[in-house]
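# Descriptive analysis of the structure
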Amino acid sequence: LPLADPPSQVASLEPPGSQRIPTYLRVFSVMPQGAAPFAHLFQTMLFGGTVPAETKLAMGIRVAQVNRSPYVAAHLQRLLLATPQGPARLASLLAAQMTSLAVADQAAIRYADLLTRNIHGITDPEFAAIRHSFHDSQIVELTMVVCFFNYLTRFSEALHLPVEPWVLDPAAIPALPPARRNPLLPARIGLVSDEEMRAVVQAEAAMRDPATRQTGLGLPIANSQRAMLRVPDLQAAWRAYGPTVRSNSRIGRDIRLQVSLAVSMANGCRYCTVHQIVGLRRLGVDAGKLLAMRKDDEALTPRERTAGAFARQLTAQPDSISDADFARLRQEFQEYGALEVVLQTCAFSFMNRFTDNLRLPSEEEAIEIYREVVGEGL
């Protein structure tokens, strides 16, 4: 894709006047309205919430290792080296000497590894292990962080982003925000924070907005959002980013839902598969076609097949996308549309890991519509 500098007001982790602009932000020259919310999302995932940034950076590096993404690994290693305890953590991580890390860090990195390899990779004993070090809201935060780095690695590998020379320059120090005090809550239960209460009120107000209900699935606040509201700043950043990049869509909502369904079925995600079936049915897609799509792509149009095949390949193996694979996508959808397909694929690599890993139940309204389509329960 063509690259250009994002608008000057886009926040960056580079010092003002350094002229260092990450390539992942320059990609948004195709859809320039996406650069600012993506930059905010990136920084919030790392430095928001209550889990220390150093822990989350180590998790991100592990995701990059599993997904074979040198671009993301280079950026995150550089950021980790700039934190107070980062050099020691990075040395342990790269040498695979996990026992030298704190128990909480070991659990978080293992959580990232298993959830990256399989959206159902966290067994009950593994989930119990993460509970020894983190409370409920922090587990939601850790899950969102793993989901985000699965998004970022697929984004960078699908577009073959080159590592910027300054990322490898030890003298090019990033400008990290001040460290936050992030203690574990001393109470035996997680207390609802002021931020969580405000975020819930805002979410309820947004759901009453007719425009929101028109562009959504027509459901009340989804259980995925109810879970994310345990970490209000991360939830707000994720929610702000998605609508922005969809605001000038050139592929249409039907193609976006087809991509989401392809990813969700490839990952075996129960929650998201139900939601995409609901969305497509409400768009007027015939129930017979929806049933046929559960078996193969024969009922799809050539345009839908192109998007679905690319999405499944990027989902299964992020580093497998060749120039020829992307050229086929771009021929069908042009540059802007091809980037939309990539971003939608990444979004559901995020959502699948979040919803099914946390075993979120489907909403009753969604279940009823699903049953009407497929003639069976979940």
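Shown above is the structure to which this text applies.
Now for a quick tour of the structure. Keep in mind the model is a prediction, meaning the values are calculated, not measured. (Residues numbered from 1 in each chain as written. Predicted model: local features only at pLDDT ≥ 70, side-chain atom pairs only at ≥ 80, totals over all residues. Heavy atoms only, no water.)

Per the secondary structure count, the chain includes 18 helices and 0 strands. For the chain, the C-alpha radius of gyration of 20 Å lies close to 21 Å, the compact-globule estimate for 378 residues. Counting only contacts in the chain whose residues sit at least 6 apart along the sequence, the fraction spanning at least 24 positions is 76%. On the chain, roughly 16,800 Å² of surface is accessible, and the fraction owed to carbon and sulfur atoms is 53%. Taking the 38 positively charged and 37 negatively charged side chains of the chain as two groups, their mean positions are separated by 1 Å. (Helix = DSSP H or I, 4+ residues; strand = E, 2+ residues; numbered from the N terminus. Rg over C-alpha atoms; globule rule 2.2 N^0.38 Å. Contact = heavy atoms within 4.5 Å. Areas by Shrake-Rupley, 256 points an atom, 1.4 Å probe, with all protein chains shown as cover. Lys, Arg positive; Asp, Glu negative; His and termini not counted. Charge placed at Lys NZ, Arg CZ, Asp CG, Glu CD.)

A full pass over the atoms with the stated rule returns 17 aromatic pairs. Aromatic side chains Phe28 and Phe38 sit 5.4 Å apart centroid to centroid with 40° between the ring planes, which places their arrangement in the tilted category. Of the two residues, Phe28 sits in the loop between α1 (23–26) and α2 (35–47) while Phe38 sits in helix α2, which places them 10 residues apart along the sequence. Of the two residues, Phe28 and Phe38, both sit in the buried class. Measuring from centroid to centroid gives 5.8 Å for Phe42 and Phe148, while their planes differ by 85°, and the two rings are edge-to-face. (Phe/Tyr/Trp six-rings, centres within 6.5 Å; stacked < 30°, edge-to-face > 60°. Buried < 20%, exposed > 50% of the residue type's maximum accessible area, 1.4 Å probe, protein only.)

This part is about α2. The first and last C-alpha atoms of α2 sit 18 Å apart over 13 residues, in line with the 18 Å expected at 1.5 Å per residue. The element α2 is extensively covered by neighbouring structure, given that 11 of its 13 residues are classed as buried. Of the surrounding elements, those touching the buried residues of α2 are α1, α3 (53–66), α4 (70–81), α8 (136–158), α12 (232–246) and α17 (323–357). One or two residues past the end of α2 sits Gly49, with phi positive at roughly 65°. (Expected span 1.5 Å × (residues − 1).)

One pass over the full model with this rule turns up 19 salt bridges. Glu304 serves as the salt-bridge partner of Lys289, at 3.1 Å between the closest nitrogen and oxygen. With Lys289 in helix α15 (residues 287–293) and Glu304 in helix α16 (residues 302–316), this residue pair connects regions lying 15 residues apart in the sequence. A salt bridge links Arg371 to Glu368; the shortest N-O distance between them is 3.4 Å. One end of the pair is Arg371 and the other is Glu368, both in helix α18 (residues 364–374) and 3 residues apart, which spans about a single turn. Note on Arg371: relative accessible area 39%, which makes it partly exposed. The class of Glu368 is partly exposed, set by a relative accessible area of 39%. Each of Glu14, Arg20 and Arg78 takes part in salt bridges that share partners, so that together they form one network. (Salt bridge = Lys/Arg side-chain N within 4 Å of Asp/Glu carboxyl O.)

Before going further, it helps to spend a moment on the environment of Gly308. Mapping Gly308 onto the fold places it in helix α16. Considered as a pair, Gly308 and Ile255 are 53 residues apart in the sequence and their alpha carbons are 8.8 Å apart.

Our focus in this paragraph is the environment of Leu300. Position of Leu300 relative to the elements: it lies in the loop between α15 and α16. Classification of Leu300 as buried rests on a relative accessible area of 10%. Along the chain, Leu300 and Leu314 lie 14 residues apart, while their C-alpha atoms are 19 Å from each other. Discounting residues that sit within four places of it in the chain, Leu300 has contacts with Gln258, Lys289, Met293 and Arg305.

On to the side chain of Ser349, then. Position of Ser349 relative to the elements: it lies in helix α17. Ser349 gets classed as buried once you look at its relative accessible area, which sits at 0%. A distance of 3.3 Å separates the side chain of Ser349 from the side chain of Arg154, its partner in a polar contact. If sequence neighbours within four positions are ignored, Ser349 has contacts with Arg154, Val263 and Thr315. (Polar contact = N/O pair within 3.5 Å; in protein donor to acceptor, adjacent residues only side chain to side chain.)

What follows is about the packing of α3 against α4. Where α3 meets α4, the closest approach of the two axes is 9 Å, and the angle between their N-to-C directions is 160°. With respect to each other, α3 and α4 are oriented roughly antiparallel. For α3 against α4, the interelement crossing comes out left-handed. Contacts between α3 and α4 involve Glu54, Leu57, Gly60, Ile61 and Ala64 from the former and Val72, Ala73, Leu76, Gln77, Leu79 and Leu80 from the latter. A per-class count over the contact of α3 with α4 returns 8 nonpolar, 2 polar and 1 charged. (Axes fitted to C-alpha atoms, helices over the stretch in contact; angles between N-to-C directions. Parallel < 35°, antiparallel > 145°, perpendicular 65-115°, else oblique. Left-handed = near helix turned anticlockwise from the far one by under 90°. Nonpolar A, V, L, I, M, F, W, Y, C, P; charged D, E, K, R; others polar.)

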